[in-house]
Amino acid sequence: MGQLNAVLLHCRGGFEKECAAEITERCASVGVYGYPQFEPSQGYVIFKCYQPGDAEQLMQSLPFERLIFTRQWFACLPQISDLPTGDRVTPMLEWARQLPQAAELMVEVADTTEGRELQGFARKFGSALSQGLRREGLLLPRKQRSDWRWHLFVLDGKTFWFGATRVRNSSPLAMGIRRLKFPKDAPSRSTLKLEEAWLHFLRGKQQQEKLVPGMTAVDLGAAPGGWTWQLVRKDMHVIAVDNGPMNDDLMETGQVEHRREDAFTFAPPKPVDWLVCDVVDKPVRVTELMLQWALNGWCREAMFNLKLPMKKRFDEVESCLAHLEEQLHLAGVGYRLQAKQLYHDREEITCWLSLTS
Ligand SMILES: C[S@@+](CC[C@H](N)C(=O)[O-])C[C@H]1O[C@@H](n2cnc3c(N)ncnc32)[C@H](O)[C@@H]1O
């Protein structure tokens, strides 16, 4: 197993640079050194570790949730290329013997146009390979619990990255993508961002504990109301702050109060359970605004987007989040902060701040 020297990281196409900068920095923080390789817009990054076996160790020592720009990851064997097109399964069995035991194989492609074109082949080959692996007893029976899951990343009919990830330290979703159906009566596509954020950050019982009917919320930059729609769907009472018009049907629910005010000067009449913010502004300004709400005790939970600048996007995110944490720490405010570039995010990331005291 000393061959797992590289890590494959899925990211949004166009964000390879950020994904690469982030993994390089996070790896260094746990004593793993290496270098990233990628082509612009290919939708993934390969991080090559200098020390044999480091990639496998990384799957244990670096919490996946710390990675903002990575959707999914796995430690991989050297790239498999020139697989004979006649019988691709047999040589793969030999590679599989070098991986830690697993009960599941996930077959993936890059989230790009070229990647999507390979999906049909990937599905067919994945199913043939799974059968072969199970027949040989290499892949454990489905019901058996295992710490590892195998991943096969298809580059073309002859070229693959094959490897393993820790089930509990990775995304449970293929390519880390959560596909959601657009609710037909929601006022904007943005609605999917908040839905995905809740599904991503609130795990298990937190869904019920933190999204309770009757709770109160403020939505900053609310128009036309996609996020407010999600809050209303959870039976919350919402103050929607935006100079723009809100969707009429949403207003007719009687659960929304529309305030045509500036999000940066608005103060809630009393503290609320949830603050959500999708205002398009500089990340530094939005960070200060979130800090103001947290330090004043105006909300218990906040879900907000940071719209990324054109340049130095990783540095900007790092500095905004570090500032937020530093100020909360100095003020003695207990919190949990997580951030992710979600599938429905574009030039932005989503942050969840949960205040604990
Ligand atoms: C991306 S849209 C929000 C979409 C909304 N979340 C939805 O799901 O329909 C950004 C909104 O922020 C509002 N906005 C921008 N600056 C603002 C400010 N200073 N105060 C209040 N709203 C602002 C804009 O009017 C716009 O409606």
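Residues numbered from 1 in each chain as written. Predicted model: local features only at pLDDT ≥ 70, side-chain atom pairs only at ≥ 80, totals over all residues. Heavy atoms only, no water.

Quick look at the overall build of the protein now. If you tally the helices and strands in the protein, you get 11 helices and 14 strands. Here the C-alpha atoms of the protein give a radius of gyration of 22 Å, agreeing with the 21 Å that 2.2 N^0.38 yields for 357 residues. Buried residues in the protein amount to 54% of all 357 residues. The long-range fraction of contacts in the protein, counting pairs at least 24 apart against all pairs at least 6 apart in sequence, stands at 66%. (Helix = DSSP H or I, 4+ residues; strand = E, 2+ residues; numbered from the N terminus. Rg over C-alpha atoms; globule rule 2.2 N^0.38 Å. Buried < 20%, exposed > 50% of the residue type's maximum accessible area, 1.4 Å probe, protein only. Contact = heavy atoms within 4.5 Å.)

For the rest of this paragraph, the subject is the pattern of salt bridges. One pass over the full model with this rule turns up 18 salt bridges. With its nearest N and O atoms 2.8 Å apart, the salt bridge here joins R71 to D111. Taken together, the positions of R71 in the loop between α2 (54-61) and β4 (72-76) and D111 in the loop between β5 (102-108) and α4 (113-117) put the pair 40 residues apart, joining distant regions of the chain. With its nearest N and O atoms 2.7 Å apart, the salt bridge here joins E257 to R259. With relative accessibility at 37%, the residue E257 sits in the partly exposed group. Residue R259 is classed as partly exposed on the basis of its relative accessible area, which comes to 22%. (Salt bridge = Lys/Arg side-chain N within 4 Å of Asp/Glu carboxyl O.)

On the surface, a nonpolar cluster with roughly 360 Å² of combined accessible area is contributed by Y33, Y35 and Y50. Structurally, Y35 can be placed in strand β2 (residues 34-37). (Patch = residues over 30% accessible without salt bridge, like charges linked within 9 Å, V, L, I, M, F, W, Y side chains within 5 Å. Areas by Shrake-Rupley, 256 points an atom, 1.4 Å probe, with all protein chains shown as cover.)

Bringing the domain arrangement of the protein into the picture now. By the assigned domains, the protein splits into domain 1 (6-176) and domain 2 (191-355). Each of domain 1 and domain 2 has a C-alpha centre, and the two are 33 Å apart. Residue-level contacts link 16 residues of domain 1 with 16 residues of domain 2. For the pair domain 1 and domain 2, the summed buried area comes to about 1,500 Å², and 50% of that belongs to carbon and sulfur atoms. Between domain 1 and domain 2 we count three salt bridges in total. The salt bridge involving E65 is made with R336; its shortest N-O contact spans 3.6 Å. Put simply, domain 1 and domain 2 have seven residue pairs in polar contact (both at pLDDT 80 or more) between them. (Domains from an automatic or database assignment. Buried area = accessible area lost by both parts, 1.4 Å probe. Polar contact = N/O pair within 3.5 Å; in protein donor to acceptor, adjacent residues only side chain to side chain.)

Glancing now at the site of the ligand. Residues in contact with the ligand amount to 17 residues; listed here are only the nearest, S188, D242, D262, A263 and D278. Within the contact set of the ligand, a nitrogen atom lies 2.8 Å away from a backbone nitrogen or oxygen of A263. D278 places a side-chain nitrogen or oxygen 2.8 Å from a nitrogen atom of the ligand. In isolation the ligand offers 600 Å² of accessible surface; the protein chains occlude 76% of this area. Of the residues contributing to the shell around the ligand, the split by class is eight nonpolar, five polar and four charged. (Near = heavy atom within 4 Å. Nonpolar A, V, L, I, M, F, W, Y, C, P; charged D, E, K, R; others polar.)

One can describe the packing of helix α10 (residues 283-295) onto helix α11 (residues 313-330) by two numbers: an axis separation of 10 Å at closest approach and a directional angle of 20°. By the criterion of interaxial angle, the relationship of α10 to α11 is roughly parallel. Between α10 and α11 lies a crossing of right-handed hand. Contacts from P283, V284, T287, E288, L291, A294 and L295 in α10 reach E316, C320, H323, L324, Q327 and L328 in α11. A per-class count over the contact of α10 with α11 returns eight nonpolar, three polar and two charged. (Axes fitted to C-alpha atoms, helices over the stretch in contact; angles between N-to-C directions. Parallel < 35°, antiparallel > 145°, perpendicular 65-115°, else oblique. Left-handed = near helix turned anticlockwise from the far one by under 90°.)

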